[in-house]
Amino acid sequence: MNFVKGGSLTLFYLLFLLLVATSCEKIKAPVPINYGVDKCEYCQMKIMDDRYGSELITSTGKVYKFDSIECLASFYIKNKDKMKVHSLWVTDFQKKNLIPAQKAVYLHSKELPSPMGMNLSAFSSESELKIVKDKYGGKVLNWEDVLKLVEEKWLNKGHNHDHGHDHEHEHHMHK
């Protein structure tokens, strides 16, 4: 009897340790974006378009969600030296699933406006991008190109959103 009772306690203890270990496990993969509800960490606007949502995950497992590639890139540029970034994720324009930002290929096309106006769309492969590029035109970029473009054409033009307010969008909304 004691052997069975002791075995049950050991089993219970092992299950408890497993539960504690898994509950403390850090998030390393992207989490679903609740479109129409979640807000962009950078510009504070609701994340609406499921072709453009993106995420940054820190090494501690904190997840930051964004409404566009340009907001993710801006947040990353401004915070990469202050926080330990584990991974960056962008949405595949065609498949609408999150893919690693550094492995994605990007289309910069004025015919495909992204939520914050930088005209950036992400694709998991060159062949997928080519189909869309043949229809809309534009320039092919990698992640480093995206960071340079956002820094030069967006951040340096005053699109900082430091206080979570998009004054340009607020101005247009009140017209």
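Residues numbered from 1 in each chain as written. Predicted model: local features only at pLDDT ≥ 70, side-chain atom pairs only at ≥ 80, totals over all residues. Heavy atoms only, no water.

Participant: Account for the overall build of the protein chain, with residues named and values stated.
Facilitator: Secondary structure assignment for the protein chain yields 5 helices and 7 strands. Tracing the protein chain from N to C terminus, the helices and strands come up as α-β-β-α-β-β-β-β-α-β-α-α. For the protein chain, the residues scored as buried account for 38% of the 175 residues in total. For the protein chain, the share of sequence-separated contacts (at least 6 apart) that also reach a separation of at least 24 residues comes to 61%. Here the protein chain displays about 10700 Å² of accessible surface, and carbon together with sulfur accounts for 56% of that area. (Helix = DSSP H or I, 4+ residues; strand = E, 2+ residues; numbered from the N terminus. Buried < 20%, exposed > 50% of the residue type's maximum accessible area, 1.4 Å probe, protein only. Contact = heavy atoms within 4.5 Å. Areas by Shrake-Rupley, 256 points an atom, 1.4 Å probe, with all protein chains shown as cover.)

Participant: Before we move on, can you summarise unusual backbone geometry with the specific residues and values?
Facilitator: One non-glycine residue, K96, lies in positive phi territory at about 65°. Relative to the helices and strands, K96 resides in the loop between β3 (85-91) and β4 (98-100). Residues other than glycine seldom take positive phi values, yet N119 does so here, at roughly 60°. Mapped onto the elements of the fold, N119 is located in the loop between β5 (105-108) and β6 (120-123).

Participant: How would you sum up the sheet that holds strand β7 (residues 139-141)? Please name residues and give values.
Facilitator: Taken in spatial order, the 3 strands line up as β6-β5-β7 in an open sheet, and their pairing is antiparallel. The two strands at the open ends of the sheet, each matched to only one other strand, are β6 and β7. The mean inter-strand angle of the sheet, taken between neighbouring strand axes irrespective of direction, is 30°. Pairing geometry for β5 and β6, over 4 bridges, is antiparallel. Across the sheet, residue L107 finds its bridge partner in β6, namely S121. Strands β5, β6 and β7 of the sheet are contacted by helix α3 (residues 126-136), whose axis makes an angle of about 15° with β5. (Pairing = 2+ DSSP bridges. Axes fitted to C-alpha atoms, helices over the stretch in contact; angles between N-to-C directions.)

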